[in-house]
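In case you want the letters, here they are:
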Amino acid sequence: MRALVVDPAAPAGLRISEVPEPEPGPGEVLLDVGHISLNHGEIAFATRREPGTVHGYDAAGVVVRAAAGSPPAGARVIAFGAGAWAERMVVGADAVAEVPDSVDLADAAALPMAGLTALRTLRTAPILGKRVLITGASGGVGRYAVQLAAMGGAHVVAQANRQEGLAELGAHEVVSELSGVAPVDLVLDNVGGRLLVDAWGLVKLGGSVQNIGWASGEPAVFEPYSLFAVGRSKSLNTFGDVSAPAEDLSTLAGLLGSGRLSPEIGYRGSWEDVEAAAKALLRRDVRGKAVLELT
Ligand SMILES: NC(=O)c1ccc[n+]([C@@H]2O[C@H](COP(=O)([O-])OP(=O)(O)OC[C@H]3O[C@@H](n4cnc5c(N)ncnc54)[C@H](OP(=O)(O)O)[C@@H]3O)[C@@H](O)[C@H]2O)c1
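Residues numbered from 1 in each chain as written. Predicted model: local features only at pLDDT ≥ 70, side-chain atom pairs only at ≥ 80, totals over all residues. Heavy atoms only, no water.

Engineer: Help me understand the site of the ligand, please; the structure alone is not making it clear to me.
Structural biologist: Near the ligand, the surroundings consist of 21 residues, among which His40, Ser138, Asn161, Arg162 and Phe239 are the closest. Backbone polar atom of valine 141 to an oxygen atom of the ligand: 2.9 Å apart, as the coordinates give it. Relative to its free-state accessible area of 900 Å², the ligand is covered by the protein chains to the extent of 88%. Where the shell around the ligand is concerned, the elements lending two or more residues are α1 (40-44), α3 (112-122) and α4 (140-151). (Near = heavy atom within 4 Å. Polar contact = N/O pair within 3.5 Å; in protein donor to acceptor, adjacent residues only side chain to side chain. Areas by Shrake-Rupley, 256 points an atom, 1.4 Å probe, with all protein chains shown as cover. Helix = DSSP H or I, 4+ residues; strand = E, 2+ residues; numbered from the N terminus.)

Engineer: Can you help me understand the pattern of salt bridges in this one?
Structural biologist: Pairs can form between side chains of opposite charge whenever their charged atoms are close. Within the structure shown, the criterion is met by 17 salt bridges. Note that aspartate 107 and arginine 268 form a salt bridge whose closest N and O atoms lie 3.0 Å from each other. One end of the pair, aspartate 107, is in helix α2 (residues 105-108); the other, arginine 268, is in strand β14 (residues 265-270), and 161 residues separate them in sequence. What makes arginine 268 exposed here is its relative accessible area of 51%. Between arginine 123 and aspartate 248 there is a salt bridge; the shortest N-O distance is 2.9 Å. Remark: aspartate 248 occurs in helix α7 (residues 246-257) and arginine 123 occurs in the loop between α3 and β8 (131-135); sequence separation between them is 125 residues. (Salt bridge = Lys/Arg side-chain N within 4 Å of Asp/Glu carboxyl O. Buried < 20%, exposed > 50% of the residue type's maximum accessible area, 1.4 Å probe, protein only.)

Engineer: Looking at this structure, I do not really get the environment of glycine 115. What am I missing?
Structural biologist: The residue glycine 115 is located in helix α3 in this model. For the pair glycine 115 and leucine 202, spaced 87 residues apart in sequence, the C-alpha separation works out to 25 Å. Look past the residues within four positions of glycine 115 in its chain and what remains in contact with it is Tyr144, Leu148 and Leu252. (Contact = heavy atoms within 4.5 Å.)

This is the structure:
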């Protein structure tokens, strides 16, 4: 079969190559993949992986061989797991979810990593009636986080330089800088660097920051004692919980199906041209997700 594999010599560090068909083991599902989506880290750091590795985590397609507890053969599904950017993918039954008939598989492919990350970081604290700040809100994770936070009853502050559409997705305040923003209860930080430092300064006592990513690539320099406060603790957390995502994938697919969540796809193309998609993502030209079709 063909797959997008890591090749440090290729543009974007990826090329389509012939690889062996994957063989499902016990508890694993075999999928025919039709669409994949790109995530920032996968593109920025592709060449850190072993050359020849089948890359990517997000796929949508059809079940070829089911496993106990998985959707049946023939079901239209999304999946989250290593080796997704290939004509066939093997993934644990606990990382696959059926997609409602009304949802296009190309739209569904946008969901897994970005949607799970947004959903799970928002679940780390109560958000109903709380002020939630999302940095890098114009990106893949950010656009889902804005929608889900608004759905959960939060007052959403979206930080982005590219601000189009964020108010329509549910943001109550849209800012490029954090000066002048009132204190917040929870921060979902996708950017790192100076924004992380500024966001930390806005967190109320008892509040928290989920550091999802570091799209800026810039260092964060905290002033001495800026991590000290009298009263309830503030916390700064890492996020990387990708365990058993099937139920959450199902929730996200259901929200797409009911029209409550928009897939926010800013780039569509063929996987043959992964270079163009990768460049657009890193140039900050993609509003939301980049989805590629396996042609
Ligand atoms: N922890 C996890 O499990 C997990 C899961 C998914 C993603 N991530 C990480 O979370 C971050 C966000 O992911 P994503 O998929 O949402 O990325 P994305 O679609 O590329 O969005 C990142 C956003 O950050 C802002 N940004 C600020 N400075 C930037 C810079 N120098 N280069 C690029 N973007 C910059 C951009 O907004 P403006 O242009 O509007 O300012 C952009 O929309 C990435 O670092 C990613 O690796 C982590």
